[in-house]
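# Reading the structure
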Amino acid sequence: MRRSGYLLLITVVLGLLLGTPDSACQRQQSGREALPTVTKAHDAHSLTSEQAARSYPVHLRGVVTYYDPYIDPRHPTVWVSDASGGIYVELPSVPAVPFQAGDLVEITGVTANGGYAPIVKASEARVVGKSPLPSTPPRVTFAQILTGSEDGLWVEVEGVVHAVRESGKNIFLDLALSDGTITASTVKEAGVDYDSLVDAKIRLRGNQAPLFNHQGAMTGAYLLFPNRAQVTVEEPALAHPFTLPISPVSGLLRFTPKPASNHRVHIRGIVTLSWPGRLLCIQDGLRGLCAQTDQTTPLIPGELADVIGFLVIGAFTPTLNRATYTAAGFQQPVPPLAVTFDQALNGNHDAELVEVEGQLVGQDESASDPNIVLSSQNHAFSAVLPAQSGARLPTWKKGTTFKLVGICSVKGGTDRSGIPWDGFSIPESFRILLRSPQDVVVIKSPSWWTPIHAISMLGLAAVLTLVVLAWVFVLRRRVEGQTRVIRQQLQEAAKLRTAAEAANRTKGEFLANMSHEIRTPMNGVLGMTDLLLDSELTPEQRECASMVKSSADSLLTIVNDILDFSKIEAGRLDLESIEFDLRDCLALTLKTLAVSAHQNGLELTCDIRPEVPERVVGDLTRLQQVLINLIGNAIKFTERGEVGLRITVDSRTPDGVRLHFVVADTGVGIAPEKQKLIFDAFSQADGTTARKFGGTGLGLTISARLVELMGGTIWVESALGHGSSFHFTASLHEGKEAVERLGPQLSTSALVSTAPKRVKKLHVLLADDNAINQKIAFRFLEKEGHDVTLASDGRQALAALDGENFDVVLMDVQMPEMDGFEATAIIRARERDTGKRLPIIAMTAHAMKGDRERCLAAGMDSYIAKPFTGPELIELLEKFSDAAREEASSA
């Protein structure tokens with residue numbers, strides 16, 4: 001028996017090495033020789049598909065490493081391993097006594113083609129004892145698993161559990177290995193807490209099973225482990241994951257000498273979008289992030305949320321997977337950032353709340369998530385609303401123009417090799433994720449006159465030809481000709497409108513950028529001139545410096561006019577409402593203009609009628625701006641005589657009073673054909689190169705727009721050589737009763753003319769990359785006795801804060817290496833642990849509407865625009881001096 005068994009073993013080995021199953025078949029005549037019996041799992045698994053299909057007899061003894069009667073009710077899933085390897089065994093039926101991992105079984109059957117690798121079809125399987133599971137399985141990686149070389153083997157893997165899912169009687173673990181993610185499955189055991197494995201680092205032992213298609217090609221793999229005992233926890237998950245330290249979005253997936261882990265991260269931000277059970281988007285300062293989640297707890301925009309999840313690399317912004325979240329309070333909702341198509345596509349606003357305009361191209365209501373396709377700047381993008389929200393988008397006509405608010409989701413592109421160009425992600429397209437149908441606002445509906453309507457008109461003409469052939473023939477020709485003319489006119493109008501809108505946008509952007517670029521050096525000119533005038537100078541030097549100061553002030557006035565005009569053109573200029581004494585405030589205004597009038601030999605008069613109320617509520621600054629423009633122009637264009645201001649009551653309403661202002665002069669006058677042009681931008685009554693009087697032509701335009709915002713109108717009465725009278729009306733509220741009616745948000749103070757108090761000596765950190773601006777602010781602060789430390793960018797500022805204690809930080813917004821917003825976010829993140837708040841004042845040349853709010857939303861406490869004067873800066877520091885004094889006294 002021993003000799004015959006030895007010969008049988010030699011026959012099997014030689015058959016496997018030399019391909020004997022096929023060659024032996026060729027040598028056999030009519031199948032007279034029987035196939036050798038396979039007794040090892042490795043030998044059965046090593047057969048080719050053709051060999052396995054010949055049904056080699058199998059007599060195998062091994063230990064059950066996995067048994068699952070639930071995946072396929074007809075045939076339990078059974079994996080058996082012996083010393084040589086492992087193989088899948090197909091049982092003929094469910095055994096009367098279920099197998100268990102560790103059962104020693106004897107399998108009798110034949111080989112078969114399992115679709116991917118050979119299997120054993122058992123005709124008989126019986127338990128003959130107990131056996132330990134393989135104790136030293138090979139440690140494998142995700143890459144090794146995907147080669148298929150470990151198919152069916154009992155292996156060991158190490159990774160972090162990202163998710164636990166339950167389906168029927170089975171438990172599935174999503175396990176992140178060092179080089180990929182794989183799913184492991186087991187039969188659910190009663191009383192076992194699988195959820196505690198989420199975010200734990202574990203070692204797991206089980207059989208590798210393949211995923212394959214109908215052609216027998218491997219498409220993936222998964223692991224089957226028999227029970228919880230095959231899971232060894234190396235690093236348990238935190239019992240309270242929301243206690244993880246909060247990471248800023250801007251710091252995720254940045255380079256760090258410490259290798260990144262597969263564990264969860266903790267993010268805190270303001271909710272900008274919530275698709276329960278699918279997606280949650282938040283913004284941390286100025287950066288956005290979206291997290292995929294199965295949690296259905298509703299959140300609304302403006303809520304502060306703590307989010308934990310597993311980091312996933314994105315083309316432009318990282319995302320979180322398997323995220324959970326909890327509400328952490330409520331803040332003001334994040335305002336959407338208005339962007340163009342190009343700005344949305346560049347990737348800088350990925351995952352942020354934006355506002356973009358587009359024209360409807362198509363609408364797909366049959367999609368799983370309703371979406372619309374729009375075009376902007378000759379490019380297409382889509383907007384998506386989640387289907388599970390229950391909301392449906394209305395049906396619009398093609399060509400409808402929308403303003404959409406939602407999350408910008410940018411898709412990165414690659415070259416033909418599948419690798420991002422130059423190693424960087426290149427934006428390929430983007431879509432807008434909508435929160436509700438209210439995020440889609442119709443700006444303009446398409447014109448009724450379309451080619452279809454034109455054809456209808458032609459059809460009607462064709463019907464009329466049946467009645468009066470001769471007349472209809474003439475009428476048709478007229479209609480066709482008129483249709484062509486109208487179509488051409490519409491096309492030309494559309495082109496002109498598009499060109500005008502583009503020119504207006506370009507002009508607004510140019511003016512805003514130029515204003516910013518001019519304000520930075522202007523801060524240096526004005527600041528250095530002020531410092532120079534405060535020093536000891538000879539009379540001649542002081543006269544020169546004063547002339548520089550005067551010229552710089554005039555230039556700043558022009559810059560401010562340009563800035564005001566750009567704000568008005570963009571619709572970003574808002575009026576304030578404060579209560580003030582009209583007579584006292586106008587007296588101060590006229591006092592500054594009286595000097596100029598007397599220098600020109602003119603008399604400046606003011607007549608305020610008795611019926612005009614003493615105290616009114618409105619925007620004093622803008623009212624003064626209009627009067628200064630009109631009176632200043634009158635002085636400039638009047639060589640002799642007088643300039644007068646008269647104020648009367650035009651009408652009264654239940655809410656206030658409408659005042660009538662008249663500025664009259666005895667100057668050169670304005671020609672009738674020029675009177676309609678002087679209120680247009682960049683227009684002047686005398687536009688020749690030889691004109692006597694200078695100016696930008698913006699003063700009257702700005703005045704007209706401001707008067708409109710104050711609910712009034714402006715006009716002029718003039719004749720050449722007989723002077724001019726400029727009239728305007730303004731609607732204001734009356735006195736203290738008006739303040740009570742309008743609410744507590746109105747200030748009851750008019751003008752603050754007191755000099756800034758002497759502030760407590762402060763330790764100030766000044767962060768600015770411009771050396772001139774550094775020196776100006778340094779000298780202003782140093783003269784007041786403050787201790788100042790300089791930093792040229794955000795990183796240097798953070799380093800200084802690590803080494804010293806400061807009372808306040810003056811933070812420039814635009815700096816190299818690290819800007820002021822990013823530095824502020826890091827400072828505020830640090831303060832969550834200390835409980836103390838360091839005052840941060842934004843010091844920037846960005847002075848458009850929204851810049852102040854943008855700084856405050858980023859965590860800054862106050863804002864000062866360049867150029868600024870020393871008293872303005874010291875006055876702003878006063879409240880922080882008081883806060884520091886109170887903190888010192890309480891300590």
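Analysis parameters
- Residues numbered from 1 in each chain as written.
- Predicted model: local features only at pLDDT ≥ 70, side-chain atom pairs only at ≥ 80, totals over all residues.
- Heavy atoms only, no water.
- Helix = DSSP H or I, 4+ residues; strand = E, 2+ residues; numbered from the N terminus.
- Buried < 20%, exposed > 50% of the residue type's maximum accessible area, 1.4 Å probe, protein only.
- Contact = heavy atoms within 4.5 Å.
- Areas by Shrake-Rupley, 256 points an atom, 1.4 Å probe, with all protein chains shown as cover.
- Lys, Arg positive; Asp, Glu negative; His and termini not counted.
- Salt bridge = Lys/Arg side-chain N within 4 Å of Asp/Glu carboxyl O.
- Polar contact = N/O pair within 3.5 Å; in protein donor to acceptor, adjacent residues only side chain to side chain.
- Pairing = 2+ DSSP bridges.
- Axes fitted to C-alpha atoms, helices over the stretch in contact; angles between N-to-C directions.
- pLDDT = per-residue confidence, 0-100.
- Phe/Tyr/Trp six-rings, centres within 6.5 Å; stacked < 30°, edge-to-face > 60°.
- Disulfide = S-S within 2.5 Å.
- Arc of directions from axis to C-beta.
- Left-handed = near helix turned anticlockwise from the far one by under 90°.
- Expected span 1.5 Å × (residues − 1).
- Core = buried A, V, L, I, M, F, W, Y, C linked by side-chain atoms within 4.5 Å.

### Section: the overall build of the protein chain
- A count of helices and strands for the protein chain gives 18 helices and 35 strands.
- Counting across all 891 residues of the protein chain, residues that qualify as buried make up 43%.
- Nonlocal contacts in the protein chain, meaning residues at least 24 apart in sequence, comprise 65% of its contacts between residues at least 6 apart.
- With an accessible surface of roughly 46,500 Å², the protein chain has 54% of that area assigned to carbon and sulfur atoms.

### With respect to the side chain of aspartate 82
- For aspartate 82, the position within the fold is in strand S2 (residues 77-82).
- No salt bridge is formed by the buried aspartate 82, whose closest oppositely charged neighbour, lysine 40, lies at an N-O distance of 7.5 Å.
- Of the polar contacts made by the side chain of aspartate 82, one reaches the backbone nitrogen of alanine 41; its length is 3.0 Å.

### Structural notes on the sheet that holds strand S4 (residues 103-113)
- In space, the 5 strands of this closed barrel follow the order S1-S2-S3-S5-S4, with mixed pairing throughout. Ignoring which end each strand starts from, the neighbouring axes of this sheet average 50 degrees apart.
- Across 7 bridges, strand S1 (residues 57-68) lies against S4 in antiparallel orientation. Residue pairing across strands places valine 58 opposite glycine 109, the latter belonging to S4.

### Focus: the confidence of the model for the protein chain
- The share of residues in the protein chain with pLDDT of 70 or more is 82%, and the mean pLDDT across the chain is 81.
- The model gives residues 1-32 a pLDDT under 50, and that stretch makes 23 contacts with residues more than four places away or in other chains.

### Describing the packing of aromatic side chains
- As enumerated under the stated definition, the model contains 8 aromatic pairs in all.
- When the ring of tryptophan 79 is compared with that of tyrosine 88, the centres are 5.6 Å apart and the planes differ by 70 degrees; the resulting orientation is edge-to-face.
- Judged by relative accessible area, which is 6%, tryptophan 79 ranks as buried.
- The interplanar angle of 65 degrees and the centroid separation of 4.6 Å between the aromatic rings of tryptophan 396 and phenylalanine 402 together place this pair among those described as edge-to-face. Here tryptophan 396 matches phenylalanine 402 in class, with each residue buried.
- Three or more aromatic residues joined by ring pairs make a cluster, and in this case those are Phe341, Phe381 and Phe430.

### Here we look at the state of the cysteines
- In this structure the tally under the stated criterion is 1 disulfide.
- The residue that forms a disulfide with cysteine 281 is cysteine 290, at a sulfur-sulfur distance of 2.1 Å. Judged by the sign of its S-S torsion, about 105 degrees, the cystine formed by cysteine 281 and cysteine 290 is right-handed.
- Residue cysteine 290 is classed as buried on the basis of its relative accessible area, which comes to 11%.
- Free cysteine cysteine 408: the closest other cysteine sulfur is in cysteine 290, separated by 9.9 Å.

### As for helix H15 (residues 794-803)
- Listed in full, the buried residues belonging to H15 are Gly794, Ala797, Leu798, Ala800 and Leu801. One side of H15 holds all its buried residues, which, seen down the axis, span an arc of 160 degrees. Relative to its buried face, H15 has exposed residues pointing more than 90 degrees away, namely Asp802 and Gly803.
- Its buried side turned inward, H15 meets strand S31 (763-767), strand S32 (787-791), strand S33 (808-811) and helix H16 (820-834).

### With respect to the packing of helix H11 (residues 620-636) against helix H12 (residues 699-709)
- Where H11 contacts H12, the two axes come as close as 9 Å, and the packing angle between them is 145 degrees. Crossing hand, H11 versus H12: left-handed. Where H11 approaches H12, its residues Arg622, Gln625, Val626, Asn629, Leu630 and Asn633 are matched on the opposing element by Gly699, Leu700, Ile702, Ser703, Leu706 and Val707.

### Topic: the pattern of salt bridges
- According to the stated counting rule, one finds 28 salt bridges in the structure shown.
- Between arginine 205 and glutamate 156 there is a salt bridge; the shortest N-O distance is 3.0 Å. Placement of the pair is arginine 205 in strand S9 (residues 201-212) and glutamate 156 in strand S6 (residues 154-167), with a sequence separation of 49 residues.
- Judged by relative accessible area, which is 23%, arginine 205 ranks as partly exposed.
- One salt bridge connects arginine 165 with aspartate 174, and the closest N-O pair in it is separated by 2.8 Å.
- Looking at aspartate 174, the relative accessible area reads 8%, which means it is buried.

### Describing the side chain of glutamate 352
- In this fold, glutamate 352 is placed in the loop between helix H6 (341-345) and strand S18 (353-364).
- Arginine 287 provides the closest opposite charge to the buried, unpaired glutamate 352, separated from it by 5.4 Å.
- Residue contacts for glutamate 352: discarding those within four places in its chain leaves Gln283, Leu286, Arg287, Gly288, Leu337, Gly406, Ile407 and Cys408.

### Here's the deal with helix H10 (residues 582-599)
- Look at H10: 26 Å from first C-alpha to last across 18 residues, which is about the 26 Å you get at 1.5 Å a residue.
- For H10, the full list of buried residues reads Leu582, Cys585, Leu586, Thr589, Leu590, Leu593, Ala594 and Ala597.
- Capping the start of H10 is the job of one residue whose side-chain oxygen sits 3.2 Å from the backbone nitrogen of arginine 583: aspartate 581.

### Focus on the nonpolar core
- Judged by nonpolar contacts, the single largest core of 45 residues is most densely connected at Ile631 and Phe728.
- Looking at this core, the element that brings in the most residues is H11, giving 8 residues.
- Once residues within four sequence positions are removed from consideration, phenylalanine 728 is found in contact with Leu623, Val626, Leu627, Leu630, Leu659, His660, Phe661, Val707, Thr713, Ile714 and Trp715.
- In this structure, Phe142, Val160, Leu197 and Ile202 belong to the second largest nonpolar core, which totals 25 residues.

### Topic: the sheet that holds S32
- Taken together, 5 strands build an open sheet; the order of strands is S32-S31-S33-S34-S35 and the sheet is parallel. Bordering the open sheet on either side are S32 and strand S35 (862-865), each of which pairs with just one other strand. Strand-to-strand twist in this sheet, taken as the mean axis angle between neighbours without regard to direction, amounts to 20 degrees.
- In terms of strand pairing, S31 meets S32 through 5 bridges, oriented parallel. The residue bridging histidine 763 from the neighbouring strand is aspartate 787, located in S32.
- Its contacts with the sheet place helix H14 (residues 771-783) against S31, S32 and S33, and it is angled at close to 170 degrees to S32.
- Strands S31, S32 and S33 of the sheet are contacted by H15, whose axis makes an angle of about 160 degrees with S31.

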